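Inside the fold
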Amino acid sequence: MTAQIRAVVQLEFTQNGGLARPAPSRSKSSQPESHQMISAPPLRLKPFDAADVPFFTSMATDPRVTKYVGDGRTWDQATIAEKTNNALRDAPLNELGVARWITAHRDDQPVGVFVSTRRESAVEIGYWVPPERWGQGIAGAMIDAGLEIIPRLFNTNILIAHVDPNNAASARVLTRRGFHTTVRENGLDRYIWQVGPFAGR
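On a predicted model such as this, the values are computed, not experimentally measured, just so you know. (Residues numbered from 1 in each chain as written. Predicted model: local features only at pLDDT ≥ 70, side-chain atom pairs only at ≥ 80, totals over all residues. Heavy atoms only, no water.)

1. So, the overall build of the chain
Secondary structure summary: the chain contains five helices and 11 strands in total. Expressed as a percentage of its 201 residues, the buried residues of the chain come to 48%. If you take every contact in the chain between residues at least 6 apart in sequence, the share linking residues at least 24 apart comes to 58%. As displayed, the chain has an accessible area near 10400 Å², and 48% of this comes from carbon and sulfur atoms. (Helix = DSSP H or I, 4+ residues; strand = E, 2+ residues; numbered from the N terminus. Buried < 20%, exposed > 50% of the residue type's maximum accessible area, 1.4 Å probe, protein only. Contact = heavy atoms within 4.5 Å. Areas by Shrake-Rupley, 256 points an atom, 1.4 Å probe, with all protein chains shown as cover.)

Structure, rendered in structure tokens:
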């Protein structure tokens, strides 16, 4: 049986993407992956902050997690610092490369990080989940929330994701939520999601 997880959205960003007062909680169910469901505690989402860096570092230095990220190698401390500092800086959301990350919590413990980055014609998304949390529907719940939050936050109607062709689980999570594969770039399949009819970009 698969746990059915809701992501309770408790965050709100300012015009520049900084943290504002928490918005009223809203829940959004993840896509069911089985006809037999058991309830699970909801995920609570908040903007990534400095206190989340050690949690992210534990995933970025775990070869089981980075196997399908980029070149498949674990990240060194310089790369981790560069990426997390970019996620923490309060830059305008129309700036290329600007990032906004969201940390998912369950029972006051971090269980995943959802990432989004401004690209030229879209916003790229991704997600990180520690191995001990795999198979619990956390990635899907974070994506469900991201599909609600990110287009409004960045004022965009196109999201993209890059997936290793061997990462069938990630491909399945995305396609179940309306992403379509388009081309292969640098060994990774490019997936696209957009509000309205699919344009096949």
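2. Focus: the pattern of salt bridges
All chains considered together, the criterion is met by 10 salt bridges. For the salt bridge of Glu185 with Arg190, the shortest nitrogen-to-oxygen distance reads 3.7 Å. The exposure class of Glu185 is partly exposed, given its relative accessible area of 31%. (Salt bridge = Lys/Arg side-chain N within 4 Å of Asp/Glu carboxyl O.)

3. Re the environment of Arg177
By the secondary structure assignment, Arg177 is in the loop between helix 5 (168–175) and strand 10 (180–185). On the basis of relative accessible area, Arg177 is assigned to the buried category, the value being 6%. When the C-alpha positions of Arg177 and Trp193 are compared, they lie 8.5 Å apart, and in sequence the two are 16 residues distant. Looking at Arg177, its side chain comes within polar contact range of the main-chain oxygen of Val173, at 3.1 Å. (Polar contact = N/O pair within 3.5 Å; in protein donor to acceptor, adjacent residues only side chain to side chain.)

4. Topic: the pairing of strand 7 (residues 109–118)
Regular strands show a simple pattern: their side chains alternate between the two faces of the sheet. Here strand 7 lies mainly inside the structure; eight of its 10 residues are buried. With eight bridges connecting them, strand 6 (residues 99–106) and strand 7 associate as antiparallel partners. Each residue of the ladder has a partner; that of His105, found in strand 7, is Pro110. Counted along the chain from strand 6 to the antiparallel partner strand 7, the turn is two residues long, and its residue Asp107 has a positive phi close to 55°. As paired elements, strand 7 and strand 8 (residues 123–128) share six bridges and run antiparallel to each other. (Pairing = 2+ DSSP bridges.)

5. Things to note about the nonpolar core
Generally speaking, a soluble globular protein has its nonpolar side chains buried in company with each other. The biggest cluster of nonpolar side chains holds 32 residues, and the ones touching the most others in it are Ile150, Leu159 and Phe179. For this core, the secondary structure elements donating two or more residues are strand 5 (43–47), strand 6, strand 7, strand 8, helix 4 (138–154), strand 9 (158–163), helix 5 and strand 11 (188–194). For this core, the element with the highest residue contribution is helix 4, accounting for 11 residues. In this view, Ile150 contacts Phe114, Ser116, Val123, Asn155, Thr156 and Leu159; residues no more than four positions away in its chain are not counted. (Core = buried A, V, L, I, M, F, W, Y, C linked by side-chain atoms within 4.5 Å.)

6. What to know about the packing of aromatic side chains
With the rule as written, the count across this model stands at seven aromatic pairs. Measuring from ring centre to ring centre gives 5.7 Å for Phe56 and Trp75, while their planes differ by 65°; the resulting arrangement is edge-to-face. Taken together, the residues span a long stretch of sequence, with Phe56 in helix 1 (residues 53–60) and Trp75 in the loop between helix 2 (63–66) and helix 3 (77–88) at a distance of 19 residues. Measuring from centroid to centroid gives 4.7 Å for Phe56 and Trp128, while their planes differ by 65°, and the two rings are edge-to-face. (Phe/Tyr/Trp six-rings, centres within 6.5 Å; stacked < 30°, edge-to-face > 60°.)

7. With respect to helix 5
Within the sequence span of helix 5, burial applies to Ser170, Ala171, Val173 and Leu174. All buried residues of helix 5 fall inside an arc of 160° around its axis, so they share one side. Buried residues belonging to helix 5 abut strand 8, helix 4, strand 9 and strand 11. (Arc of directions from axis to C-beta.)

8. A few points about the environment of Asp107
Residue placement: Asp107 occurs in the loop between strand 6 and strand 7. A relative accessible area of 59% places Asp107 in the exposed class. Placed 65 residues apart in sequence, Asp107 and Pro42 show a C-alpha to C-alpha distance of 8.6 Å.

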